[in-house]
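Single-letter residue listing:
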Amino acid sequence: MGFDWIELSGSLLLFILVFGMSATVDIHALLAQMKNKKAILTGCFLQFVILPLLGFIVVKTLQLNEAMGITLLVVTSSPGGSYSNWWCSMFNADLALSVTMTAISTLLSCVALPANLLFYSKFSYDDDVVALLDWQSLFTAIGVVIGAISLGLICSAKIHSHRFNILSNKLGNLAGIALVIFSALMSNSGGEGNVRIWNRGWKFYVGVALPCLAALLISNIVTSSLRLKKPERVTVSIECCYQNVGIATSVALTMFDKDDLAEAMGVPLYYGLLEAVILGGYCIICWKMNWTKAPSSVSFCEAISTSYEVIIAEKHELEAIEVTLGCDKDDETTSDDDATIFTYFRIEDIVDVNQSKEPSGLADRYFTDELKQHKIDIEEP
């Protein structure tokens, strides 16, 4: 059997994408988000409970045929992984939370994905979908994602440079664009059956679209009710709706043939197009509503090409400590009316100056008074 260059190319682009997004994240922001139990648990609940349930409800309500229904169940049970990081990065949602949720959901998917498929497929059809999963491809993708996240976070922690964070973000965005193009080309080449999606019945279009639309609506209602910060709401909603259609494609190719294959292959292809259009529109609306870290007043091109996550983290670092340096003064003095105590110390006594990051050169340019107020607004629940 020859070497699979297509699979290697896809895995390499996936690795670069996830590495770039992970290396963008300030390690202190990540550690803070790891303690954000409310956002993480909410995301996992929506991703592993609500979306698969919505898929099952649609399958039963519309009585979808086996090829379409089983493939839709696989789609709604497969967490999206790295692409969600790309969307959060491009539109300046909470990238640190996205990377954290991706790492957790990727690990949980080893158990939750087959469990959901086993449960819902048994109540819908007689076939054993779990036995037809391409476990090797699944665990390869999981290994690539976990490895890329680990390496990216290590580099972010060890390389004390906001400039490195910015460059990593650009690298990840380029890899994301390349992976989208690569996936589109692969979806429209090779394979058996006709995957054209413009000659289907209304059940196909409505059935595949409903889980994504309903999940997006429910996610925003739940996260707003729990009073998550606005960028966190956007991140959790993206994580909930964006699914790994590649797993469904693999199952369809293994499980069906001829007309059933054409029916099944249309589901992940159409869902992939839908989630790109729906989430793209959703992110633009959130940006204009000032729910993301990019101010709504900047141009669209600037909003998607600038990592405000890094800029805000850099500015926060620069303003974190205000000190008064003294040389030949007592450690502590008081004002004339004894109402104020003045304490003098050296900066080296409270912070390791060697740990400060190399500036990116963008903080002073982008962190205007408007962005400062915007940062305050989006952090309010």
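So, a few notes on the structure that sits alongside this text. (Residues numbered from 1 in each chain as written. Predicted model: local features only at pLDDT ≥ 70, side-chain atom pairs only at ≥ 80, totals over all residues. Heavy atoms only, no water.)

**Concerning the overall build of the protein**
For step 1, the next point in the chain: From N to C terminus, the protein includes 16 helices and two strands.
For step 2, the next point in the chain: Put simply, the protein has 381 residues, and 51% of those count as buried.
For step 3, the next point in the chain: When contacts within the protein are restricted to residue pairs at least 6 apart in sequence, those whose partners lie at least 24 apart make up 81%.
For step 4, the next point in the chain: Total accessible area computed for the protein in this model is approximately 18400 Å², and 62% of it derives from carbon and sulfur atoms. (Helix = DSSP H or I, 4+ residues; strand = E, 2+ residues; numbered from the N terminus. Buried < 20%, exposed > 50% of the residue type's maximum accessible area, 1.4 Å probe, protein only. Contact = heavy atoms within 4.5 Å. Areas by Shrake-Rupley, 256 points an atom, 1.4 Å probe, with all protein chains shown as cover.)

**Here's the deal with helix 9 (residues 202-225)**
For step 1, the next point in the chain: A rise of 1.5 Å per residue sets the reference length of helix 9, with its 24 residues, at 34 Å; its end C-alpha atoms lie 34 Å apart and thus fit the reference within 8%.
For step 2, the next point in the chain: Of all bends in helix 9, the biggest is about 35 degrees, found at Leu-210, and the proline Pro-211 comes one to four residues later.
For step 3, the next point in the chain: Where helix 9 is concerned, the buried positions are Phe-204, Gly-207, Val-208, Ala-209, Pro-211, Cys-212, Ala-215, Leu-216, Ser-219, Asn-220 and Thr-223.
For step 4, the next point in the chain: Just downstream of helix 9, Arg-227 is the residue with a positive phi angle, here 60 degrees. (Expected span 1.5 Å × (residues − 1). Bend = angle between axes of the 7 residues up to and from the residue.)

**Section: the nonpolar core**
For step 1, the next point in the chain: With 87 residues, the main nonpolar core has Leu-64 and Phe-256 as its most contacted residues.
For step 2, the next point in the chain: Once residues within four sequence positions are removed from consideration, Phe-256 is found in contact with Glu-66, Ala-67, Ile-70, Thr-71, Leu-261 and Ala-264.
For step 3, the next point in the chain: Ranked by size, the runner-up nonpolar core spans six residues in total, among them Trp-287, Ala-294, Tyr-308 and Ile-311. (Core = buried A, V, L, I, M, F, W, Y, C linked by side-chain atoms within 4.5 Å.)

**What about the packing of aromatic side chains?**
For step 1, the next point in the chain: Taken as a whole and judged by the stated rule, the model has 11 aromatic pairs.
For step 2, the next point in the chain: Seen in terms of ring centroids, Phe-91 and Phe-300 are 6.3 Å apart; in terms of plane orientation they differ by 55 degrees. Their pairing is tilted. Here Phe-91, found in the loop between helix 5 (82-90) and helix 6 (95-124), pairs with Phe-300, found in helix 13 (residues 300-305); they are 209 residues apart in sequence, far enough to count as distant.
For step 3, the next point in the chain: Three or more aromatic residues joined by ring pairs make a cluster, and in this case those are Trp-86, Trp-87, Phe-91, Tyr-242, Trp-287 and Phe-300.
For step 4, the next point in the chain: Above the face of the Trp-291 ring, Arg-233 is positioned so that its terminal group lies 5.1 Å from the ring centre. (Phe/Tyr/Trp six-rings, centres within 6.5 Å; stacked < 30°, edge-to-face > 60°. Lys NZ or Arg CZ within 6 Å of the ring centre and 35° of its normal.)

**Examining the side chain of Thr-42**
For step 1, the next point in the chain: Take Thr-42: it is sitting in helix 3 (residues 37-62).
For step 2, the next point in the chain: Classification of Thr-42 by relative accessible area gives buried; the value is 8%.
For step 3, the next point in the chain: There is a polar contact of 2.5 Å between the side chain of Thr-42 and the backbone oxygen of Lys-38.
For step 4, the next point in the chain: Dropping the residues within four chain positions of it, Thr-42 is found in contact with Lys-37, Val-222, Thr-223, Leu-226 and Val-236. (Polar contact = N/O pair within 3.5 Å; in protein donor to acceptor, adjacent residues only side chain to side chain.)

**Quick word on the packing of helix 10 (residues 230-241) against helix 12 (residues 258-288)**
For step 1, the next point in the chain: The interhelical angle for the contact between helix 10 and helix 12, taken along N-to-C directions, is 175 degrees, at an axis separation of 11 Å. If you check the angle between helix 10 and helix 12, you find them roughly antiparallel. Along its contact with helix 10, which presents Arg-233, Val-234, Ser-237, Ile-238 and Cys-241, the element helix 12 presents Tyr-271, Glu-275, Leu-279, Tyr-282, Cys-283 and Cys-286. (Axes fitted to C-alpha atoms, helices over the stretch in contact; angles between N-to-C directions. Parallel < 35°, antiparallel > 145°, perpendicular 65-115°, else oblique.)

**Describing the environment of Leu-174**
For step 1, the next point in the chain: The residue Leu-174 is located in helix 8 (residues 162-187) in this model.
For step 2, the next point in the chain: By relative accessible area, Leu-174 is classed as exposed at 60%.
For step 3, the next point in the chain: Each C-alpha atom, one on Leu-174 and one on Gly-20, is 9.3 Å from the other, the two residues being 154 residues apart in sequence.

**Considerations on unusual backbone geometry**
For step 1, the next point in the chain: In this structure, Arg-227 is a non-glycine residue whose phi angle is positive, near 60 degrees.
For step 2, the next point in the chain: Its place among the elements puts Arg-227 in the loop between helix 9 and helix 10.
For step 3, the next point in the chain: With relative accessibility at 52%, the residue Arg-227 sits in the exposed group.

**Quick notes on the state of the cysteines**
For step 1, the next point in the chain: Within the structure shown, the criterion is met by zero disulfides.
For step 2, the next point in the chain: Not engaged in a disulfide, the cysteine Cys-212 finds its nearest cysteine sulfur in Cys-241; these two sulfurs lie 4.8 Å apart.
For step 3, the next point in the chain: Of the residues examined, Cys-212 reaches a relative accessible area of 0% and is grouped as buried.
For step 4, the next point in the chain: In this structure Cys-286 is not part of a disulfide, and its nearest cysteine sulfur, from Cys-283, lies 6.4 Å away. (Disulfide = S-S within 2.5 Å.)

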